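# A closer look at the structure
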Amino acid sequence: MAGTVRTHRALDVVDLSEGTEVTLAGWVARSRDMGGILFVDLRDASGVIQVVVDPSELPEAEQLRMEYCVAVTGTVRPRPGGTSNPDLATGDVEVGATGLEVLSPSDPLPFMVDDRHDVDELTRLEYRYLDFRRPDMAARLRARAAATNAMRQAMASLGFLEIETPTLIASTPEGARDMLVPSRLRQGSFYALPQSPQIFKQLLMVGGVERYFQFARCYRDEDFRSDRQLEFTQLDLEGAFWDEEDVRSAVEASIVAATAAVRPEASAPGFPTLTWREAIDRYGTDKPDVRFDMELTDLSEVFEGTEFRGFGGALAEGGVVKGMNAGALGLSRSGLDGLVERAKELGAAGLAWAVAEDGGSLRSPIAKFLSEAEVAGVVESLSAETDDVLLLIAGPWRSSSEILGQLRVDLGKPKGHDELAYLWVVDFPVFEETDDGGLAPAHHPFTAPHSVEEMRTDPVNALSRAYDLVLNGTELGSGSVRIHDPAVQAQVFETLGISDDEAERRFGWFLRALRYGTPPHAGFAVGFDRLMAILVGASSIRDVIPFPKTQRGVDPLTGSPSRVEEAQLEELGLDVRPEIKAAWEAD
RNA sequence: GGGGGCGUGGUGAAGUCUGGAGUUCACGCCGGCCUGUCAAGCCGGAGGUCGCGGGUUCAAAUCCCGUCGUCCCCGCCA
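Residues numbered from 1 in each chain as written. Chains lettered and ligands numbered in written order. Predicted model: local features only at pLDDT ≥ 70, side-chain atom pairs only at ≥ 80, totals over all residues. Heavy atoms only, no water.

### Brief notes about the overall build of chain A
Looking only at helices and strands, chain A has 16 helices and 22 strands in total. Principal-axis analysis of the C-alpha atoms gives chain A an extent of 95 × 75 × 60 Å. Going through the 587 residues of chain A one by one, you find that 45% of them count as buried. Long-range pairs, those at least 24 residues apart, make up 66% of the contacts in chain A between residues at least 6 apart in sequence. (Helix = DSSP H or I, 4+ residues; strand = E, 2+ residues; numbered from the N terminus. Buried < 20%, exposed > 50% of the residue type's maximum accessible area, 1.4 Å probe, protein only. Contact = heavy atoms within 4.5 Å.)

Set out below in structure tokens:
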């Protein structure tokens, strides 16, 4: 790493023999002026080394301030007895300075460049370049690069070709809102930024690539969350002549590589599999956090023929009674009622709580409605021990399970990310029920169903060959076996309610491509930012995205998005609506 | 679109509930002292439109209304 400006990096000094002349360059992390001797902690990308200055020889050292960028010439020497610093990788050595050059001074800092002080995130983003100098963020940048590398190597060693796809593409109305880019050469027309490279990677399969991958930047113009940004990165992959099992093993290889690169101390992860139905049934979500148990139990049999109308009514309508043992939470009456409120917020008609007492009885607002056998059945089914809080809900299978599942996460989710629990969820339904009771496709229309026939005759129960990867309760990515037969694709469009005309107009070119000997193919996309956030223990993907945006879509550092010159708009054949301009004037 | 938290010298926090002088703590900044520190220490100093606007009040960082910013959640994310 030697260069013309410096001969060594800070960390290299450890391996040099006493008396070696070095020139180092970096930033002043700290300087401690003792009067007759002055210590400078010099930081570069490799680490920190202590430089010792005699101010009578180098008086300019007294002018050094935090984060000045400096070059130091000096001699390597062991630290005098008793002055080693075990907290520093270079703590046994130091550099006695013979020369000092300020390469660039620093203004007083807007915040401390260390991990000891919490700093408001907006300020960090405004000065992101200083944020990168903090050890946490520097480590996250390195971790991200290490993971990218590891995954790239894993894919390459499996014979995948890294191929780029365009970022200026045609808009499609499905899915998320598109980010649009106006065309100058064809005024009034717009490119869209890709929500994923989906169609292009399928075209690569038609093109005989057989194994494709890419770190793809994707864009979805929807509201922000701690795990969602307008632009984000996916490890996107697709292969031909393979199926779901092969896809999963390739994804696992890349995930194992990334995990090993970022979390070398973690044991190699396993990848258990649940069907979608099992996941909802046992965990009340299609992205279960399996780091903890607290599974849901079906109590419908216990309440068969119950006198309690709250439960009996639900069962009579084909619903279920489900329960969960939340353990000894030690909640007060108002705390327990708070859970009921929370359940109602989540859309439950009601929630019953019960606290197990000595002798197998239950303390609960509904206890008086339950028979002895029902109480015993609940206690037994939920393995309730004294003081355990039991939550019971009755209603349709899916929504009841999901409400309990949300409470399960509220009450049981472990803090921190030390444990890594990966999980496949397979056999998603083709359709999801909408609020008004209709059916809407759960995936993009190129996803292969297990059976087109079933899609037609029993759409509610039809399963698709789609699968998700879950980590610690976060959806890391999804994939599917694609449709490669144009006839099947046409049938699926029809079943999804896309007419022949519409399909031809919007996807005609794609359907044509499928008619030229398309191989069976399948693929996946890993949400790389989410993976990194969990691997490094960050609570938001903003901490692993170098230059993220705030919830309002603003970059506080550069000020994007920004207004543009009238002339730029004219070239594009655009104008800003008068009421928007009027609002600008009012500013 | 909806619900909630937060906004106080450059930074982070306390003060707000229960109105009474811009008060306090830590870091940073400026000046001074100091030859083995490493979150150095000691002494002194500067630095504020309590996000913004309006209202209530003798009096507002504090109460009320609005607004902006930020974060979390619901909706949204095929």
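Now that the structure has been shown, the text picks up again.
### Quick look at helix α8 (residues 333-345)
Taking 1.5 Å of rise per residue, 13 residues should cover 18 Å, and α8 covers 19 Å from first to last C-alpha, within 8% of that figure. For α8, every residue scored as buried is listed here: Leu336, Leu339, Val340 and Ala343. The buried residues of α8 occupy one face: seen down the axis, they fall within an arc of 100°. Across α8 from its buried face, at more than 90 degrees, point the exposed residues Ser334 and Glu345. Of the surrounding elements, those touching the buried residues of α8 are β14 (352-356), β16 (389-395) and α10 (397-412). After α8 finishes, the residue Gly347 shows a positive phi value of roughly 105°. (Expected span 1.5 Å × (residues − 1). Arc of directions from axis to C-beta.)

### Topic: the protein's contact with RNA strand B
Close to RNA strand B lie 46 residues; Arg79, Thr83, Glu94, Asp120 and Glu222 are nearest. Restricting attention to atoms of RNA strand B within 4 Å of the protein, one finds that 53% of them are sugar or phosphate atoms. Within the backbone of Asp120, an N or O atom sits 3.1 Å from a phosphate oxygen of RNA strand B. At a separation of 2.8 Å, a base nitrogen of RNA strand B approaches a polar side-chain atom of Arg228. Looking at the surface near RNA strand B, the element that brings in the most residues is strand β1 (residues 21-33), giving 3 residues. (Near = heavy atom within 4 Å. Polar contact = N/O pair within 3.5 Å; in protein donor to acceptor, adjacent residues only side chain to side chain.)

### Brief notes about the sheet that holds strand β21 (residues 474-481)
The strands making up a sheet are joined through hydrogen bonds of the backbone, oriented either antiparallel or parallel. In spatial order, the strands read β6-β9-β10-β22-β21-β20-β17-β11; together these 8 strands make up an open sheet with mixed pairing. Looking at which strands have only one partner, the edges of the open sheet turn out to be β6 (161-162) and β11 (273-275). Note: strand β10 (residues 231-240) against strand β22 (residues 521-527), 7 bridges, orientation antiparallel. In the sheet register, Gln234 faces β22, and the bridge partner there is Gly527. Contacting β9 (211-219), β10 and β22, helix α4 (residues 198-206) runs over the sheet at an angle of about 20° to β10. Where helix α5 (residues 244-262) meets the sheet, its contacts fall on β10, β11, β17 (422-426), β20 (466-471), β21 and β22, and the angle it forms with β17 comes to roughly 160°. (Pairing = 2+ DSSP bridges. Axes fitted to C-alpha atoms, helices over the stretch in contact; angles between N-to-C directions.)

### Overview of unusual backbone geometry
Geometrically, the link from Ser560 to Pro561 is a cis peptide bond, its omega value of -5° lying close to zero. For Pro561, the location among the structural elements is in the loop between α14 (528-536) and α15 (566-572). Even without being a glycine, Met294 presents a positive backbone phi close to 50°. Along the chain, the position of Met294 falls in the loop between α6 (276-283) and β12 (296-298). The phi dihedral of Asp387 falls on the positive side, at around 80°, and the residue is not glycine. With respect to the element layout, Asp387 can be found in the loop between α9 (372-381) and β16.

### Side note on the pairing of β22
With 7 of 7 residues buried, β22 is to be regarded as a mostly interior element. Both faces of β22 are covered, namely the face carrying His521, Gly523, Ala525 and Gly527 and the face carrying Ala522, Phe524 and Val526. Sheet topology note: the β21/β22 ladder contains 5 bridges and is antiparallel. Bridged to Gly477 within β22 is Val526.

### Structural notes on the environment of Ala462
You can see Ala462 is positioned in the loop between α11 (452-457) and β20. Setting aside residues no more than four positions away along its own chain, Ala462 makes contact with Phe428, Pro429, Val430, Glu454 and Met455.

### As for the packing of aromatic side chains
Within this structure, the stated rule accounts for 18 aromatic pairs. Seen in terms of ring centroids, Tyr127 and Tyr129 are 6.2 Å apart; in terms of plane orientation they differ by 70°. Their pairing is edge-to-face. Take Tyr129: its relative accessible area is 43%, and that puts it in the partly exposed class. Taking the centre distance of 5.0 Å and the plane angle of 65° together, the rings of Phe446 and Phe510 count as edge-to-face. Note that Phe446 is positioned in the loop between β19 (439-441) and α11 and Phe510 in helix α13 (residues 500-514), a separation of 64 residues in sequence. Among the residues examined, Phe510 registers a relative accessible area of 0% and is labelled buried. An aromatic cluster of three or more residues is present, and its members are Phe446, Phe493, Phe507, Trp509 and Phe510. A cation over a ring is seen here: Arg277 above Trp397, with NZ or CZ 4.2 Å from the ring centre. The ring of Phe292 carries the charged tip of Arg408 above its face, separated from the ring centre by 3.9 Å. (Phe/Tyr/Trp six-rings, centres within 6.5 Å; stacked < 30°, edge-to-face > 60°. Lys NZ or Arg CZ within 6 Å of the ring centre and 35° of its normal.)

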